[in-house]
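Structure at a glance
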Amino acid sequence: MPRGKYVNHKGRNRHFTSPEELEAERKDEEQKKKWRETHAESSSEEEAESDKGSDDSEEESEDDDRKGASAVIDVRNPNRVQKKAFVKAADVDEDDKPQLTRREREQLEKQKAHAAYMKRHAEGKTAQAKADLARLAIIKQHRAEAAARRDAEKKAKDVPKGST
């Protein structure tokens, strides 16, 4: 047993498959293939007899076309949408709106909501707009009081002290 994680193949003896083994494997494969063919013919004959008596011949003929496990298991994916290869000009409606993806729809809704919000904000109907207007009113009041105080101080400086 080699030491370490990986096996090193250098220096080992080579193993070749003998021609007798290859011939035996080929014969086994041929026998298996013949057996499958004979049983497939007999099973298809039995299915043909059962098809004559059944009403669902169309569904079973579809199953006959499929091979392997898909013939036994009927799988239909409801989420899979098969696209039509060709659309006739008569089938196309000119009034149909283009189908948007979920992301595109959400983006349009987001833009519309933002535009509506900005319109209400400009009209002063949103909470943020009311808070901004209240803050502006307080600032105007402080500025008006400061201007009145400066005017009063200016008038007081203009009036001579001795004349009062």
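See the structure printed just above.
Residues numbered from 1 in each chain as written. Predicted model: local features only at pLDDT ≥ 70, side-chain atom pairs only at ≥ 80, totals over all residues. Heavy atoms only, no water.

1. Overview of the overall build of the protein chain
Regarding its fold elements, the protein chain presents five helices and zero strands. Reading the protein chain from its N terminus to its C terminus gives the helix and strand order α-α-α-α-α. For the protein chain, the proportion of its 164 residues judged to be buried stands at 2%. Of the roughly 16900 Å² that the protein chain leaves accessible, carbon and sulfur atoms contribute 52%. (Helix = DSSP H or I, 4+ residues; strand = E, 2+ residues; numbered from the N terminus. Buried < 20%, exposed > 50% of the residue type's maximum accessible area, 1.4 Å probe, protein only. Areas by Shrake-Rupley, 256 points an atom, 1.4 Å probe, with all protein chains shown as cover.)

2. Focus on a nonpolar patch on the surface
Side chains of V72, I73 and V75 sit close together on the surface and give an oily, nonpolar patch of about 330 Å² of accessible area. Looking at where I73 falls in the secondary structure, it is placed in the loop between α3 (69-72) and α4 (102-123). (Patch = residues over 30% accessible without salt bridge, like charges linked within 9 Å, V, L, I, M, F, W, Y side chains within 5 Å. Salt bridge = Lys/Arg side-chain N within 4 Å of Asp/Glu carboxyl O.)

3. Quick look at α4
Structurally, the α-helix is built with 3.6 residues per turn, so residues lying three or four positions apart point the same way. Given a rise of 1.5 Å per residue, 22 residues ought to cover 32 Å, and the 32 Å separating the end C-alpha atoms of α4 matches this to within 8%. The first or second residue beyond α4 is G124, which carries a positive phi of 80 degrees. (Expected span 1.5 Å × (residues − 1).)

4. Focus: a negative patch on the surface
Residues E20, E21, E25, D28 and E29 make up a contiguous surface patch of negative charge. By the element assignment, E20 lies in helix α1 (residues 19-53). Assessed through its relative accessible area of 59%, E20 is described here as exposed. (Lys, Arg positive; Asp, Glu negative; His and termini not counted. Charge placed at Lys NZ, Arg CZ, Asp CG, Glu CD.)

5. Details of the pattern of salt bridges
Considering all chains together, one arrives at five salt bridges under this definition. R26 is paired through a salt bridge with E23; the nearest N and O atoms lie 2.2 Å apart. You can see R26 and its partner E23 sitting in helix α1, three residues apart, about one turn around the helix. For E23, a relative accessible area of 32% corresponds to the partly exposed category. The structure contains a network of salt bridges with shared partners spanning E23, R26 and E30.

6. Regarding the side chain of T126
Mapped onto the secondary structure, T126 falls in the loop between α4 and α5 (127-158). Engagement of the side chain of T126 in a polar contact is seen with the backbone nitrogen of A129, the distance being 3.2 Å. Excluding anything up to four places from it in sequence, T126 contacts Y117, R120 and H121. (Polar contact = N/O pair within 3.5 Å; in protein donor to acceptor, adjacent residues only side chain to side chain. Contact = heavy atoms within 4.5 Å.)

Distances and angles like these do not, on their own, reveal function.
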